[in-house]
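What follows is the residue order along each chain.
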Amino acid sequence: MSTTMNSTVNHDKQLLEEVEKLREARRQLREEVAKVIVGQQDVVDLLLLALLCRGHVLLHGVPGLGKTLMARTLSQTLDLKFKRVQFTPDLMPSDITGTDVMEELESGGYRLKFVPGPIFTNFLLADEINRTPPKTQAALLQAMQEREVSIGNTTYSLDPPFFVVATQNPIEMEGTYPLPEAQVDRFMFNIRVGYPTVQEEAEIIRGTTGTDISSPAAVLESADLLKLQEIVRSVPVADDVVMYAARLVNASRPVKNSGDSQSRVDMVSKYVTYGASPRAGQSLILAGKARAVLEGRYHVDFEDVRALAHPVLRHRLVLNFHGRADNVDSDDVVDALLENVKDEVAGR
């Protein structure tokens, strides 16, 4: 009995040490990223959360806000192999996944040799993903979901960690191929990158028009990141918190599309055609675990779920004609969900 108790105590102590290590790594990571990126701390934190959860991110923002630089800098601080693909209308699936080529042998004759594409990396930036046709989009999204690539009759596994950040320009939609809802659902977060403040913009101008160029240092190695991903999944979650996440997701669906008539929200019934899928509930809880660890807690709270509701739900809500006509944004619907669906402990 004593041996079992000692083993449990040692295990808990080790977990707390790992949690503290991750908190310290987050602090160092923020410092290193700040050498290159001014502001955008919330965006960087969400990128780190998704990475810890083995999820993927869709970044929305106008050109010039540093989305590419942000992704590259984060990969450098985590010592991850980074690749960037500029998506264009003529991009083919093989341009991403790789292809078999004919190789001449020294002894004579030929053989097929697989040449890996840029998807064989740890950190992939898919720039302007809606610029390429659905066939090419599907090749990337299959790899995101399955963590593998099929070429001919051979399947190649992608080495972990594997993290995809895809960008979209929200103001220029001419000549684009919008991602289908089923494919958008595979992204854990939809993050909106906003404009900097006047002070931040002045700092950006000063920092990018001089001779001094800062370079971030690596804070974690890929092996450390894989270990931390396992720790995040081991964080316990109370049943009440799981039920709150489930009710929040369920309430995002119109009555006709839901198997549960409870927790209905008027704005959802009026403006939403299709609500969030079960992936949303999984993402809320998993990201809540990562957020709790980064905050120095080894348990998930209701506030963790509420704090992540917008990036998890906004791209999973399909608004109807009335919503578009009344200029309703998906974030407005999420606000209504958070206001109407209360956690049971608060009793409101």
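Nothing here was measured: the structure is a model prediction, and the numbers come from that model.

J.: Please explain the overall build of the protein chain as it appears in this structure.
T.: Regarding its fold elements, the protein chain presents 15 helices and eleven strands. Computed over its C-alpha atoms, the radius of gyration of the protein chain comes to 22 Å, within 12% of the 20 Å expected for a compact globule of 348 residues. Counting over 348 residues, the protein chain shows a buried share of 47%. Sequence-distant contacts in the protein chain: of pairs separated by 6 or more residues, those separated by 24 or more amount to 76%.

J.: What is the right way to read the packing of helix H9 (residues 239-251) against helix H11 (residues 278-294) from this model?
T.: Two measures define how a pair of helices packs: the angle their axes make with one another and the distance between the axes. Direction vectors running N to C along H9 and H11 enclose 140°, while the axes themselves pass 9 Å from each other. Crossing angle aside, the handedness with which H9 passes H11 is right-handed. Residue-level contacts link Val241, Val242, Ala245, Leu248 and Val249 of H9 to Ala280, Gly281, Leu284 and Ile285 of H11.

J.: I'm lost on the side chain of Thr77 in this one. Help?
T.: Residue placement: Thr77 occurs in helix H3 (residues 67-77). With relative accessibility at 0%, the residue Thr77 sits in the buried group. With sequence-adjacent residues up to four places away left out, Thr77 is seen in contact with Leu29, Glu32, Val33, Pro216, Ala217, Ala218, Val219 and Leu220.

J.: Would you mind showing me how to read the packing of aromatic side chains here?
T.: Here a ring pair, both rings aromatic, is described through the centre-centre distance and the interplanar angle of the planes. Counted by the stated rule, this structure contains six aromatic pairs. Ring plane angle 10° and centroid distance 4.1 Å describe the contact between Phe114 and Tyr156, whose orientation is recorded as stacked. Highlighted residues: Phe114 in strand S4 (residues 110-116) and Tyr156 in strand S7 (residues 154-157), separated in sequence by 42 residues.

J.: Explain a nonpolar patch on the surface here, please?
T.: A contiguous nonpolar surface patch, about 390 Å² in accessible area, is contributed by Met102, Tyr110 and Leu112. Tracing the sequence through the fold places Tyr110 in strand S4.

J.: Explain the confidence of the model for the protein chain here, please?
T.: When pLDDT drops low, the exact placement of atoms in the prediction is not to be read closely. Per-residue pLDDT for the protein chain averages 85, and the proportion of residues at 70 or more is 91%. The lowest-confidence element of the protein chain is helix H1 (residues 2-34), averaging 70 in pLDDT; the highest-confidence one is helix H13 (residues 309-313), averaging 96.

J.: Is there a simple way to explain H9 in this structure?
T.: Along an α-helix, residues three or four apart share an orientation, since each turn contains 3.6 residues. For H9, built from 13 residues, the straight-helix expectation of 18 Å at 1.5 Å per residue is met to within 8% by its first-to-last C-alpha distance of 18 Å. Among the residues making up H9, those that are buried are Val241, Tyr244, Ala245, Arg247, Leu248, Val249, Asn250 and Ala251. Structurally, H9 contributes buried residues whose contacts are with helix H10 (266-271), H11, helix H12 (302-307), H13 and helix H15 (330-340).

J.: How should I be thinking about the sheet that holds strand S2 (residues 82-86) in this particular structure?
T.: Backbone-to-backbone hydrogen bonds pair the strands of a sheet. The strands run either parallel or antiparallel. Taking strand neighbours across the sheet as the criterion, the five strands line up as S2-S5-S8-S1-S9 in an open arrangement whose pairing is parallel. Edge positions in the sheet fall to S2 and strand S9 (189-192), since each of these pairs with one other strand and no more. With direction set aside, neighbouring strand axes in the sheet form an average angle of 20°. Pairing between S2 and strand S5 (residues 123-127): five bridges, direction parallel. Residue pairing across strands places Gln86 opposite Asp127, the latter belonging to S5.

J.: Quick question: what am I supposed to make of the environment of Thr99 here?
T.: As for its position among the elements, Thr99 is in strand S3 (residues 98-104). Once the C-alpha coordinates of Thr99 and Phe114 are considered, the two residues, 15 residues apart in sequence, prove to be 5.7 Å apart. Excluding residues that lie within four positions of it along the chain, Thr99 makes contacts with Ser94, Lys113, Phe114, Val115 and Ile151.

J.: Looking at this model, I keep getting lost on the packing of helix H2 (residues 41-52) against H11. Mind explaining?
T.: Contact geometry for H2 and H11: axes closest at 9 Å, N-to-C directions at 115°. As H2 packs across H11, the resulting crossing turns out to be right-handed. On the side of H2, the interface is formed by Leu48, Leu49 and Leu52, while H11 contributes Ala287, Ala290, Arg291 and Leu294. Class assignment of the residues belonging to the contact of H2 with H11 gives a composition of six nonpolar, no polar and one charged.

What counts, and where the lines are drawn
- Residues numbered from 1 in each chain as written.
- Predicted model: local features only at pLDDT ≥ 70, side-chain atom pairs only at ≥ 80, totals over all residues.
- Heavy atoms only, no water.
- Helix = DSSP H or I, 4+ residues; strand = E, 2+ residues; numbered from the N terminus.
- Rg over C-alpha atoms; globule rule 2.2 N^0.38 Å.
- Buried < 20%, exposed > 50% of the residue type's maximum accessible area, 1.4 Å probe, protein only.
- Contact = heavy atoms within 4.5 Å.
- Axes fitted to C-alpha atoms, helices over the stretch in contact; angles between N-to-C directions.
- Left-handed = near helix turned anticlockwise from the far one by under 90°.
- Phe/Tyr/Trp six-rings, centres within 6.5 Å; stacked < 30°, edge-to-face > 60°.
- Patch = residues over 30% accessible without salt bridge, like charges linked within 9 Å, V, L, I, M, F, W, Y side chains within 5 Å.
- Areas by Shrake-Rupley, 256 points an atom, 1.4 Å probe, with all protein chains shown as cover.
- Salt bridge = Lys/Arg side-chain N within 4 Å of Asp/Glu carboxyl O.
- pLDDT = per-residue confidence, 0-100.
- Expected span 1.5 Å × (residues − 1).
- Pairing = 2+ DSSP bridges.
- Nonpolar A, V, L, I, M, F, W, Y, C, P; charged D, E, K, R; others polar.

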